[in-house]
Amino acid sequence: MKYIRECFIIFGLTLAGEFLNKLLPLPVPAGVYGLFLLLVLLCGGILKLEQVEATGNFLLDIMPVMFVPASVGLLESMGDLQAILVPVVVISMVSTVIVMAVTGIVAEKMLGGKK
Amino acid sequence: MMNFVSESMYLGFVLSLGAYLAGVWLKKRLGWAVLNPLLTAVVLVIAVLLAFKIDYQTYNSSAQYISYLLTPATVCLAIPLYKQLELLKKNLVAVAVAITSGVAASAVSIFAMSLVFGLEHVHYVTILPKSITTAIGMGVSEEAGGIVTITVVCIIITGIFGNIMAEALFKWIRVKNPIAKGLALGTSAHAIGTAKALELGEIEGAMSSLSIAVAGLMTVVVVPLAAQLL
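Calculation rules
Residues numbered from 1 in each chain as written. Chains lettered and ligands numbered in written order. Predicted model: local features only at pLDDT ≥ 70, side-chain atom pairs only at ≥ 80, totals over all residues. Helix = DSSP H or I, 4+ residues; strand = E, 2+ residues; numbered from the N terminus. Rg over C-alpha atoms; globule rule 2.2 N^0.38 Å. Buried ≥ 20, exposed ≤ 12 C-beta atoms within 10 Å, placed from the backbone. Contact = placed C-beta atoms within 7 Å. Nonpolar A, V, L, I, M, F, W, Y, C, P; charged D, E, K, R; others polar. Expected span 1.5 Å × (residues − 1). Bend = angle between axes of the 7 residues up to and from the residue. pLDDT = per-residue confidence, 0-100. Core = buried A, V, L, I, M, F, W, Y, C linked by C-beta atoms within 7 Å. Axes fitted to C-alpha atoms, helices over the stretch in contact; angles between N-to-C directions. Parallel < 35°, antiparallel > 145°, perpendicular 65-115°, else oblique.

## Here we look at the overall build of chain A
And then number 1: Scanning chain A from terminus to terminus reveals 6 helices and 0 strands.
And then number 2: Going from the N terminus to the C terminus, chain A shows its helices and strands as α-α-α-α-α-α.
And then number 3: Here the C-alpha radius of gyration of chain A, 20 Å, is well above what a compact globule of 115 residues would show, namely 13 Å.
And then number 4: Here the C-alpha coordinates of chain A stretch approximately 50 × 45 × 30 Å along the principal axes.
And then number 5: Here chain A holds 115 residues, and 41% of them are scored as buried.
And then number 6: Considering only residue pairs separated by 6 or more positions, chain A has 47% of its internal contacts joining residues 24 or more positions apart.

Next comes the structure, spelled out in structure tokens:
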């Protein structure tokens, strides 16, 4: 029973997010709308953490596996990619390091030693 | 036998889970940071598909149900975020400035390297949204006139690479604060980076989840402006 209710809430919010994504002319994906909806409901006390936590933690736990199919799909894009493979890979990797370092250092400096 | 493989509704699903478990096992066994379970899983699945001549459609006909769970899982990122809400309120300015710097650094670094490689406009705008989550990135790329399939490739390379190198980078540049680590992972490597942040800890996971949404939305505004540069 518990899991039925939890799944109903989480998938219901996903559905609401999907609906907002179609309805509003903003480039916000369904998952991000759903995230904010859930956050608002939790903050407003309309939902309690216990009402979504078990299923939520299950989904977060298996989340890394969810990227496997799309990543394997890179095989399919190999044709389009060949001509610009080197710049694409180099730029993607180098700029990831730069963005991570800049964000991390700025945050670290601003937060100082406090936790 | 081949019939069974191409008609199975569970093969891709089980293969993906098994490959990930093998990745976790291998990392534990050898302890090398490059042996990221996600990367191992992708390589293993590709190897199996090639070895048994299974095409991607066959694999994906069942593996797609794993991908299907990604949107509800994204919704659930609100859970760690809610638990750390007080921490977020207390550090709101630092959080906002750090994510903004990251988004700006992304646009500037991609612009500079596109000049170095002499990329055409179409390829430049294709790569621009690479640090944000696929669902937003695809839309941004399309809007800017990029090649969406290649944008997805960039997003995934970014995510996996960010996930793999984060811990080493943080050590090297001496980023120790869990809030800073979370913001850096989410801003640079979206949801795949957030998977790593959740492994590091609850605060890291919460801040990374927040960064996916904030950096994603900022990038929507920044890309059309940055696109005019080249």
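Resuming the write-up.
## Focus: the overall build of chain B
And then number 1: Looking only at helices and strands, chain B has 13 helices and 0 strands in total.
And then number 2: Walking chain B from its N terminus toward its C terminus, one meets helices and strands in the order α-α-α-α-α-α-α-α-α-α-α-α-α.
And then number 3: Scaling as 2.2 N^0.38, a compact globule of 230 residues should have a C-alpha radius of gyration of about 17 Å, and chain B matches this with 19 Å.
And then number 4: Along the first, second and third principal axes, the C-alpha set of chain B runs to 60 × 40 × 30 Å.
And then number 5: The buried share of chain B, taken over its 230 residues, is 55%.
And then number 6: Relative to all contacts within chain B whose residues are 6 or more apart in sequence, the contacts with residues 24 or more apart total 64%.

## Points about unusual backbone geometry
Residue and element names in this part refer to chain B.
And then number 1: Backbone geometry at Arg174 places phi at a positive 55°, although glycine is not the residue there.
And then number 2: As for its position among the elements, Arg174 is in the loop between helix 11 (148–172) and helix 12 (178–200).
And then number 3: A residue is classified by how many C-beta atoms lie within 10 Å of it, and Arg174, with 9 of them, is exposed.
And then number 4: Positive phi, close to 40°, is recorded for His190, a residue that is not glycine.
And then number 5: Checked against the element boundaries, His190 lands in helix 12.
And then number 6: Given 29 C-beta atoms within 10 Å, His190 falls into the buried group.

## Points about the interface of chain A and chain B
And then number 1: Residue-level contacts link 65 residues of chain A with 90 residues of chain B.
And then number 2: When residues of the side of chain A that touches chain B are traced back to their parent elements, those giving at least two are helix 1 (2–23), helix 2 (30–43), helix 3 (53–62), helix 4 (68–72), helix 5 (74–81) and helix 6 (85–111) of chain A.
And then number 3: Across the side of chain A that touches chain B, the residue classes tally to 47 nonpolar, 13 polar and 5 charged.

## Digging into helix 11 of chain B
All names here are of chain B.
And then number 1: For helix 11, with 25 residues, the first-to-last C-alpha span of 34 Å sits near the 36 Å given by 1.5 Å per residue.
And then number 2: When the local axis directions of helix 11 are compared, the greatest deviation, roughly 50°, occurs at Met165.
And then number 3: Taken across its 25 residues, helix 11 has 18 buried, putting it largely inside the fold.
And then number 4: Immediately downstream of helix 11, the backbone of Arg174 shows phi near 55°, a positive value.

## Here we look at the confidence of the model for chain B
A low pLDDT score tells you not to read the predicted coordinates there in detail.
And then number 1: Residues with a pLDDT of 70 or more make up 99% of chain B, whose mean pLDDT is 91.
And then number 2: Interface confidence for the predicted complex, expressed as ipTM, amounts to 0.91; the pTM equals 0.87.

## Overview of helix 12 of chain B
All names here are of chain B.
And then number 1: Here helix 12 spans only 8 Å end to end across 23 residues, well under the 33 Å set by a 1.5 Å rise per residue.
And then number 2: Bending of helix 12 peaks at approximately 145° at the position of His190.
And then number 3: In terms of burial, helix 12 is a largely internal element, 21 of the 23 residues being buried.

## A short note on the nonpolar core
If you look at soluble globular proteins, the nonpolar side chains tend to sit buried side by side.
And then number 1: Residues A:Val68, A:Ala107, B:Cys76, B:Ala78, B:Leu128 and B:Leu183 are the most contacted members of the largest nonpolar core, which totals 105 residues.
And then number 2: With 13 residues, helix 11 of chain B is the largest single contributor of residues to this core.
And then number 3: In contact with A:Ala107, other than residues within four places in its own chain, are B:Ala94, B:Ala98, B:Asn177, B:Ile179, B:Ala180, B:Leu183 and B:Ala184.

## What about the packing of helix 12 of chain B against helix 13 (residues 202–227) of chain B?
Angle between the axes and distance between the axes: these two values describe a pair of packed helices.
Residues and elements named next belong to chain B.
And then number 1: For the pair helix 12 and helix 13, interaxial distance at closest approach is 6 Å and the crossing angle is 75°. For the element pair helix 12 / helix 13, the angle class is roughly perpendicular.
And then number 2: Broken down by class, the residue content of the contact of helix 12 with helix 13 amounts to 14 nonpolar, 10 polar and 2 charged.

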